[in-house]
Amino acid sequence: MASDEKRNVELVEDIENIDSVDPYSSTTITYWTSVKENPKVLLYTGLMTSGAMAFGFDIIIVGVITAVPAFLENFGEPLGPTYIVPSLWLSLWNAFMQIGFMIGAVINGFLSDRFGRKASMALGSTIANLAILIIYLSDRPSDVDHRRGLFLVGKTIIGVGLSMMMATTGTYVSEIAPPRLRGPMLSSFQFLLILGQLVAAGAAHSQLSIGFKPESYRICFATQWACSGLAFVAAIIVPESPAFLLRHGKVEAARKSIARLHEPESVEGSIVALMSILEHEKQMQSQSQDASYMECFKGSNWRRTRIVIYASIIQQFLGTTFVANGTYFMIIGGLSPVHTIMVLEICLGIALIANLGSWVLASTLGRRRTFYGNSFFLGAIWMSVGIAGCYSSKAALWYAGVTINAVLVFFNMGAGGIIPIIIAETSSIRLRAKTTGIGFLCNGFSSWAFNFFVPYMFNRDEGNWGAKTGFFFAGLSLLAGALIFWEIPEMKNRTYTQLDEMFEKSIPTRKFAKYECVGTSTAHDNKPSA
């Protein structure tokens with residue numbers, strides 16, 4: 001095993017063009033050629049990103065389940081002629097799910113690097129399935145506070161499982177994706193997340209006719225088992241990440257994994273290409289035998305970690321927490337549950353198509369311009385929502401409610417599809433699981449904060465800002481756009497070897513797109529694509 005590793009590393013020293021060794025890492029072939037050459041990679045990516053459906057289902061279920069009268073009756077309290085969920089409990093349910101999310105992010109980096117991507121995915125889905133059982137049984141206690149508390153426990157635990165699945169998915173896909181397909185493959189994560197949200201909305205809509213029977217919301221909760229169960233099946237079927245296996249010296253196992261991902265004749269070339277990157281990164285961190293979290297905050301890795309952190313928290317600046325509660329906002333504003341769920345389903349259906357558009361934008365316009373342009377545009381949309389909140393007419397309420405849900409469309413046309421790409425491709429291969437974990441930890445903390453205080457801003461029993469909350473997110477969206485412009489570089493069509501070189505040379509953010517690498521690849525391959 002050691003001799004295999006030594007032979008492959010020595011071979012890399014004589015290679016001038018890595019593409020001649022590993023054709024699947026080429027940045028010069030067309031997209032359709034890459035698609036035709038990587039059918040198995042696309043299949044396994046589709047299986048692993050199934051965990052995103054469970055996450056999408058969960059982040060919106062609290063918002064849509066409040067459209068089900070039986071849930072409001074059993075978990076809410078009367079306020080005038082209607083039932084509402086108290087701001088405290090609405091905040092706790094959303095915020096404690098994010099605490100679980102942070103816990104999962106912290107432990108997943110270690111577990112994924114120690115036991116592998118498959119094991120982390122399987123464990124995360126198992127934890128999520130157990131949490132769904134707790135949520136399903138949460139209405140059994142006779143006391144309303146006990147019901148709310150048990151629901152809170154389930155939401156916290158499911159956050160742990162979902163975080164592990166999400167972080168593992170991003171790491172795995174980024175490690176097996178060819179450069180030409182990396183953008184669309186990582187954006188498919190967001191596509192399935194939206195699909196999970198649409199399943200949640202559809203499940204809630206289908207149960208409105210049942211009325212005040214507990215089955216109306218129990219069926220909604222049970223539907224999530226299908227999403228988490230599929231993620232567990234995926235963890236069993238997919239091959240282990242070759243990069244993980246090589247980092248642990250399992251060269252023969254890596255060969256078998258690559259053979260399952262690509263054609264048998266490409267195995268040796270892929271082994272050499274991967275080992276060259278890992279060896280280079282190991283040499284850059286020669287003072288440390290094993291990858292550690294501290295390395296993520298040193299030298300060029302600190303810049304990469306910083307970018308991952310920005311990408312992880314900016315979605316909160318763009319108002320995703322308010323959008324997740326959009327259905328509840330419309331209901332307390334006086335619109336019927338049927339109409340609110342219908343608006344959400346229409347917007348989610350359009351958002352699915354819009355997310356496909358983000359794949360095109362990420363590969364043509366680029367990650368950076370799409371990201372900051374989308375942020376500035378959302379700032380204008382949120383400003384219009386805030387202005388509508390200054391009026392009390394039915395038309396203003398409808399405009400605000402529809403536009404809040406329409407943010408799903410605009411967000412997924414840009415930032416929603418770009419964020420998972422940036423998080424996955426920025427870090428070095430050696431530190432990817434840990435850097436991704438840090439990103440998810442920061443995402444969990446920012447989501448916890450926003451999920452806790454945003455309901456206090458718009459809910460009728462507290463701040464009662466209503467649609468004026470749009471002013472708050474308009475300012476944050478503009479701030480996010482400026483941060484992206486100054487800090488996040490363009491990484492479109494770059495191999496991980498090229499990205500290593502650019503970060504190590506501290507290339508300025510705005511010069512990334514036109515920089516020509518001088519490392520192991522030939523000049524024509526290092527020129528940025530038009």
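Residues numbered from 1 in each chain as written. Predicted model: local features only at pLDDT ≥ 70, side-chain atom pairs only at ≥ 80, totals over all residues. Heavy atoms only, no water.

Chemist: How should the overall build of the chain be read in this particular structure?
Modeler: Looking only at helices and strands, the chain has 24 helices and two strands in total. Buried positions account for 61% of the 530 residues belonging to the chain. In the chain, the share of contacts with a sequence separation of at least 24, taken over all contacts with a separation of at least 6, comes to 81%. Counting every atom, the chain has about 19,300 Å² of accessible surface; 67% of that belongs to carbon and sulfur. (Helix = DSSP H or I, 4+ residues; strand = E, 2+ residues; numbered from the N terminus. Buried < 20%, exposed > 50% of the residue type's maximum accessible area, 1.4 Å probe, protein only. Contact = heavy atoms within 4.5 Å. Areas by Shrake-Rupley, 256 points an atom, 1.4 Å probe, with all protein chains shown as cover.)

Chemist: What's the story with helix α19 (residues 394–413) in this structure? I'm lost.
Modeler: Residues separated by three or four positions in an α-helix point in the same direction, a consequence of the helix having 3.6 residues per turn. Helix length check: α19 (20 residues) gives 29 Å between terminal C-alpha atoms against 28 Å at 1.5 Å per residue, within 8%. The largest bend in α19 comes to about 30°, at N405. (Expected span 1.5 Å × (residues − 1). Bend = angle between axes of the 7 residues up to and from the residue.)

Chemist: How do you make sense of the pattern of salt bridges when you look at a structure like this?
Modeler: For side chains bearing opposite charge, pairing can occur when the charged atoms are close. Per the counting criterion, the structure on display carries 15 salt bridges. One salt bridge in this structure joins R218 and E215, with 4.0 Å as the shortest N-O distance. Highlighted residues: R218 and E215, both in helix α10 (residues 215–237), separated by three residues, approximately one helical turn. By relative accessible area, which is 16% here, R218 ends up buried. Take E215: its relative accessible area is 39%, and that puts it in the partly exposed class. R255 is the partner of E252 in a salt bridge, and the nearest nitrogen-oxygen pair spans 3.1 Å. Taken together, the positions of E252 and R255, both in helix α12 (residues 251–261) and three residues apart, correspond to about one turn of that helix. Linked through salt bridges whose partners overlap, the residues forming this network are D113, R117, E175, R247 and K434. (Salt bridge = Lys/Arg side-chain N within 4 Å of Asp/Glu carboxyl O.)

Chemist: I tried to follow empty space enclosed by the protein on my own but got confused; where do I start?
Modeler: A water-sized probe rolled over the atoms picks out the places where empty space is left. In total, this model carries three cavities of 30 Å³ or more according to the counting rule given. Computed from the structure, the largest cavity encloses a volume of approximately 690 Å³. Considering the residues around the largest cavity, the lining is formed by 44 residues, among which F55, I59, L193, Q315 and N443 are closest to the centre. For the lining of the largest cavity, the residue count by class is 23 nonpolar, 19 polar and two charged. (1 Å grid on protein atoms, 1.4 Å probe; cavity = no way out; pocket = protein on both sides within 12 Å on 5 of 7 lines; lining within 4 Å. Points joined across faces, edges and corners; volume = space filled by probe spheres on them. Nonpolar A, V, L, I, M, F, W, Y, C, P; charged D, E, K, R; others polar.)

Chemist: Before we go on, may I ask you to explain the nonpolar core in this structure?
Modeler: Looking at soluble globular proteins, one finds that nonpolar side chains tend to be buried together. Membership of the largest hydrophobic core comes to 144 residues, with the highest contact counts inside it found for I61, F71, W93, F371 and W382. Ranked by the residues each element gives to this core, the list is headed by helix α9 (residues 179–206), at 11 residues. Not counting chain neighbours up to four residues away, the residues in contact with F71 comprise I65, T66, G76, W93, F151, Y217 and F221. (Core = buried A, V, L, I, M, F, W, Y, C linked by side-chain atoms within 4.5 Å.)

Chemist: What exactly am I supposed to notice about the side chain of Q197 here?
Modeler: Residue placement: Q197 occurs in helix α9. The class for Q197 is buried, based on a relative accessible area of 6%. Not counting residues within four places of it along the chain, the set of residues in contact with Q197 comprises G56, F57, I59, I60, L348 and L408.

Chemist: I tried to follow the packing of helix α17 (residues 337–363) against α19 on my own but got confused; where do I start?
Modeler: Between two packed helices, the angle of one axis relative to the other and the distance separating the axes together describe the packing. Across the interface, α17 lies against α19 with an axial gap of 6 Å and an inter-helix angle of 25°. On the basis of the axis angle, α17 is roughly parallel to α19. As α17 runs across α19, the sense of the crossing is right-handed. In contact with H339, V343, L344, C347, L348, I350, A351, A354, N355, G357, S358 and L361 of α17, α19 contributes W398, V402, N405, A406, L408, V409, N412 and M413. Of the residues in the contact of α17 with α19, the class split is 14 nonpolar, six polar and no charged. (Axes fitted to C-alpha atoms, helices over the stretch in contact; angles between N-to-C directions. Parallel < 35°, antiparallel > 145°, perpendicular 65-115°, else oblique. Left-handed = near helix turned anticlockwise from the far one by under 90°.)

Chemist: Help me understand a nonpolar patch on the surface, please; the structure alone is not making it clear to me.
Modeler: A grouping of L230, F232, V233, I236 and I237 is seen on the molecular surface, where their side chains present a nonpolar patch of about 400 Å² in accessible area. Inspection of the secondary structure assignment puts F232 in helix α10. Judged by relative accessible area, which is 33%, F232 ranks as partly exposed. (Patch = residues over 30% accessible without salt bridge, like charges linked within 9 Å, V, L, I, M, F, W, Y side chains within 5 Å.)

Chemist: Is there a simple way to think about the environment of S174 in this case?
Modeler: If you trace the backbone, S174 turns up in helix α8 (residues 144–176). On the basis of relative accessible area, S174 is assigned to the buried category, the value being 0%. Residues S174 and I423 lie 249 residues apart in sequence; the distance between their C-alpha atoms is 9.4 Å.

Chemist: Any chance you could explain the packing of aromatic side chains here in plain terms?
Modeler: Any aromatic ring pair is given by two values, namely how distant the centres are and how the planes are angled relative to each other. A complete count under the given rule lists 32 aromatic pairs for this structure. Measuring from centroid to centroid gives 5.4 Å for F55 and F101, while their planes differ by 40°, and the two rings are tilted. Within this pair, whereas F55 is found in helix α4 (residues 51–65), its partner F101 is found in helix α6 (residues 87–115), the two being separated by 46 residues in sequence. Of the two residues, F55 and F101, both sit in the buried class. For R368, the ring lying beneath its charged end belongs to F485, and the centroid distance is 4.8 Å. Over the ring of Y293 we find K434; its NZ or CZ atom is 5.7 Å from the centre of that ring. (Phe/Tyr/Trp six-rings, centres within 6.5 Å; stacked < 30°, edge-to-face > 60°. Lys NZ or Arg CZ within 6 Å of the ring centre and 35° of its normal.)

Chemist: What exactly am I supposed to notice about the packing of helix α14 (residues 299–317) against helix α23 (residues 496–504) here?
Modeler: Contact pair α14 / α23: the axes reach a minimum separation of 9 Å and the direction vectors enclose 110°. Put simply, α14 runs roughly perpendicular to α23. Of the residues in α23, those in contact with S300, R303, R304 and I307 of α14 are L499, D500, F503 and E504. Of the residues in the contact of α14 with α23, the class split is three nonpolar, one polar and four charged.

Chemist: Please clarify how α4 should be interpreted in this entry.
Modeler: Here α4 contains 15 residues, and its C-alpha end-to-end distance of 21 Å stays within 8% of the 21 Å for a straight helix at 1.5 Å per residue. I59 marks where α4 bends most, by close to 35°. Taken across its 15 residues, α4 has 14 buried, putting it largely inside the fold.

Chemist: Sorry if this is basic, but what is going on with the environment of G229 here?
Modeler: Mapped onto the fold, G229 is located in helix α10. Judged by relative accessible area, which is 25%, G229 ranks as partly exposed. Sequence separation between G229 and S50 is 179 residues; the distance between their C-alpha atoms is 9.4 Å.

Chemist: Hey, could you run me through unusual backbone geometry in this one?
Modeler: For residues other than glycine, phi is negative in most cases, and the peptide bonds are mostly trans. Residue N493 is not a glycine yet carries a positive backbone phi of 60°. For S506, which is not glycine, the phi torsion reads 55° and is therefore positive. Here S506 shows up in the loop between α23 and α24 (523–526). A relative accessible area of 53% places S506 in the exposed class.

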